[in-house]
Amino acid sequence: MEEMGMTNEQWKDNLRIQLENWEEIEDLLASGKKDDALKKIGRIKERIKQGIES
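Right, let's walk through the structure included here. Just so it is clear, the model here is predicted, and its values are computed rather than measured. (Residues numbered from 1 in each chain as written. Predicted model: local features only at pLDDT ≥ 70, side-chain atom pairs only at ≥ 80, totals over all residues. Heavy atoms only, no water.)

### Points about the overall build of the chain
Scanning the chain for helices and strands turns up two helices and zero strands. Relative to a compact globule of 54 residues, whose C-alpha radius of gyration would be 10 Å, the chain shows 14 Å and is clearly more extended. In terms of overall dimensions, the chain has a C-alpha envelope of 50 × 20 × 5 Å along the principal axes. Burial analysis of the chain (54 residues in total) assigns 11% to the buried set. For the chain, the computed accessible surface area is about 5100 Å², with 53% contributed by carbon and sulfur atoms. (Helix = DSSP H or I, 4+ residues; strand = E, 2+ residues; numbered from the N terminus. Rg over C-alpha atoms; globule rule 2.2 N^0.38 Å. Buried < 20%, exposed > 50% of the residue type's maximum accessible area, 1.4 Å probe, protein only. Areas by Shrake-Rupley, 256 points an atom, 1.4 Å probe, with all protein chains shown as cover.)

### Concerning helix α2 (residues 34-53)
Helix length check: α2, at 20 residues, gives a terminal C-alpha distance of 29 Å against a target of 28 Å (1.5 Å per residue), a fit within 8%. Burial in α2 covers these residues: Ala37, Lys40 and Ile44. Around the axis of α2, the buried residues are gathered within 65 degrees of arc, so they sit on the same side. The exposed set on the far side of α2, more than 90 degrees from its buried face, consists of Asp35, Lys39 and Glu53. Buried positions along α2 lie against α1 (8-30). (Expected span 1.5 Å × (residues − 1). Arc of directions from axis to C-beta. Contact = heavy atoms within 4.5 Å.)

### Considering the pattern of salt bridges
Under the counting rule described, the total for this entry stands at one salt bridge. Lys40 is the partner of Glu24 in a salt bridge, and the nearest nitrogen-oxygen pair spans 3.1 Å. On the criterion of sequence distance, the pair formed by Glu24 in helix α1 and Lys40 in helix α2 is long-range, its members being 16 residues apart. For Glu24, a relative accessible area of 37% puts it in the partly exposed group. Judged by its relative accessible area of 11%, Lys40 is buried. (Salt bridge = Lys/Arg side-chain N within 4 Å of Asp/Glu carboxyl O.)

Honestly, it's all geometry; don't read function into it.
Below, the structure written as structure tokens:
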């Protein structure tokens, strides 16, 4: 079975989502919400792990 890769648009959308996530983490840290930032980082890491395993 031939495996299909991402299109350029899918890749760019993925990068936009990642950038938004990291900008949100920056905002949380800047406002002193370290625990919320760490939770967000944990969710991002879990999604990455799931993507790797699939």
